[in-house]
Amino acid sequence: MPNPFRHYEGAPVLDLPADPPSPEIPALELLRGGTGATEAVDGPAFLSELLFYSASISASKLVPSTGDRYALRVNPSSGNLHPTEFHFVTRGLKEWPDGLYHYRPSSHMAEQRATGDFDMKLIASSALIVFVLTSIAWREAWKYRDRAYRYCLHDIGHAWQALALAARAMGCDGLAVRDFPDDDVARLCRLHEDEWPMLILELRGKSIPVREPDHRETVWYGGQANQLSKETIAYPWIESIHGATKPTLNTPAEPAPSGSGEIKLPVPASSTLAFGEVARKRRSALDFVGFTPSMSLAQLSAVMSTTRPDFIQLYLYVHRVDGLEPGVYRYWPESAELEQIRSGDQRVAAAGLSLGQDLAGNACVAFSMIGDLDRAVRALGDRGYRYVHFEAGAIGQRLYLAAEALGLGATGIGAFFDDEVHRYLNLASEPAHVVVYHFAIGYPVPDPRVVA
Ligand SMILES: Cc1cc2nc3c(=O)[nH]c(=O)nc-3n(C[C@H](O)[C@H](O)[C@H](O)COP(=O)(O)O)c2cc1C
């Protein structure tokens, strides 16, 4: 297993203040478009709060049989392998030198890779903070082989949303830049060859504490990226799909098709749990309590109201939702309606389709996220393939937080039988509607190995 932590050996390390204040905006309000505020008065305090509620270690897992202890983070990751790295460029932050940094989650610190006026002309950004999220595919590939590429993309989607939501909880906006010249950005940030830039996120807003920019020349500190494992195995298909999805294209997206169903979702349930608390408490359930109890239709309505799908279509395998007959439903977001496409008990089917994982049958509701690859490729070129996975991960992150805010649990499910799901959902006439991600929400079985 490659090291899940990248370090730049020899680079200066800057402290991020411990115990930053917790963003108080209720998580559900934030997920439905609300904006919070921060008390941060300088750059270090701002960055500390932002990263503590989006990317830091939030618990650990103790395996009694081996005595091993694993770190768990605010952002989830398939197999807890964490292929995503957070790099960021700052300019004009109060009491914080301009430069290029890499976040070190193992100690909640920032590694200073370069100082000075860092050139982000490549993406024409004038934002005060620009994140470059990268993937190290080898961290997933040693275990999941070629399918690992998709997990890396999902994980970027989760990390993107974790960061964008923490930023909005602190009163600023995060704008994702989907198309940028990959190789130039990798060169500019002097990324190790095992690391690929995937998504850029610009943060803007009045809550960012600023000073006058000082326009100094860039100075590199030459920190060496650590080697993550003694050996690496090449996965040519991963290299090839990554290469094939590099070209950029940005044409206005056509609107998502609209439709309707016979079931109108009721007024969403509410929750006052604060975002900061919810983000740090979020965990993946290993399994759910089967048979009883049910979740309410108002809770389901609240969960669905946070999803904001665009290139993704959501299908629900309803097992135990009060007032909703078990079956498979398609969700129509504009009208907040459900259209029933299959009736009857779906527990065996949902678990079977998710590679025989019981949790998809024991949940109250399981999901298939279907990507409209045709529409994504018309808008973004072949890069659209990455983007449908980013969006699925982002929706997954919102589902995790919504479920936690409502006292439920959730788990992202990357392992499923693509072709069987496609057939089961009667998508034969839509070959470019691909199965991108699965998800489940229910009452979690407590995991005694997780320690706070
Ligand atoms: C993209 C993705 C795919 C995942 N796939 C599965 C899965 O198929 N089965 C499962 O039990 N957990 C799955 N998980 C949950 C991870 O195992 C979990 O996020 C990881 O162990 C870290 O735990 P945490 O979410 O509590 O931080 C997935 C998570 C993500 C983000």
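Residues numbered from 1 in each chain as written. Predicted model: local features only at pLDDT ≥ 70, side-chain atom pairs only at ≥ 80, totals over all residues. Heavy atoms only, no water.

### Some points on the site of the ligand
Taken together, 20 residues are adjacent to the ligand, and Arg283, Ser284, Gln357, Gly412 and Gly414 come closest. At a separation of 2.7 Å, a nitrogen atom of the ligand approaches a polar side-chain atom of Gln357. Between the ligand and Ala415, the relevant distance is 3.4 Å, taken from an oxygen atom to a main-chain nitrogen or oxygen of the residue. Relative to its unbound accessible area of 620 Å², the ligand is 87% covered by the protein chains. Among the detected pockets, the ligand sits in the largest pocket. If you list the elements that add at least two residues to the shell around the ligand, you get strand E4 (68-73), helix H4 (148-169) and strand E18 (409-413). Tallied by class, the residues present in the shell around the ligand amount to 5 nonpolar, 11 polar and 4 charged. (Near = heavy atom within 4 Å. Polar contact = N/O pair within 3.5 Å; in protein donor to acceptor, adjacent residues only side chain to side chain. Areas by Shrake-Rupley, 256 points an atom, 1.4 Å probe, with all protein chains shown as cover. 1 Å grid on protein atoms, 1.4 Å probe; cavity = no way out; pocket = protein on both sides within 12 Å on 5 of 7 lines; lining within 4 Å. Sits in = over half its atoms within 2 Å of the grid points. Helix = DSSP H or I, 4+ residues; strand = E, 2+ residues; numbered from the N terminus. Nonpolar A, V, L, I, M, F, W, Y, C, P; charged D, E, K, R; others polar.)

### Here's the deal with empty space enclosed by the protein
One pass over the structure, following the stated rule, counts 1 cavity of 30 Å³ or more. Put simply, the largest cavity is a space of about 40 Å³. Lining the largest cavity, in full, are Arg178, Leu199, Leu380, Arg383, Arg386, Tyr387 and Phe390. The biggest single contributor to the lining of the largest cavity is helix H12 (residues 384-405), with 3 residues. Counted by class, the lining of the largest cavity contains 4 nonpolar, no polar and 3 charged residues. (Points joined across faces, edges and corners; volume = space filled by probe spheres on them.)

### So, the domain arrangement of the chain
We note that the domain assignment places domain 1 (8-244) and domain 2 (263-451) within the chain. Listed by partner, the interface residues are 52 residues for domain 1 and 51 residues for domain 2. Contact between domain 1 and domain 2 buries roughly 4200 Å² in total, counting both sides, with carbon and sulfur atoms accounting for 57%. A salt bridge links Asp418 to Arg150; the shortest N-O distance between them is 2.9 Å. Applying the counting criterion to the domain 1 and domain 2 interface returns 34 residue pairs in polar contact (both at pLDDT 80 or more). Elements supplying a minimum of two residues to the side of domain 1 that touches domain 2: helix H1 (27-31), strand E3 (57-63), E4, H4, strand E10 (196-204) and helix H6 (236-244). If you tally residues by element for the side of domain 1 that touches domain 2, the top one is H4, at 14 residues. Split into classes, the residues belonging to the side of domain 1 that touches domain 2 amount to 31 nonpolar, 11 polar and 10 charged. (Domains from an automatic or database assignment. Contact = heavy atoms within 4.5 Å. Buried area = accessible area lost by both parts, 1.4 Å probe. Salt bridge = Lys/Arg side-chain N within 4 Å of Asp/Glu carboxyl O.)

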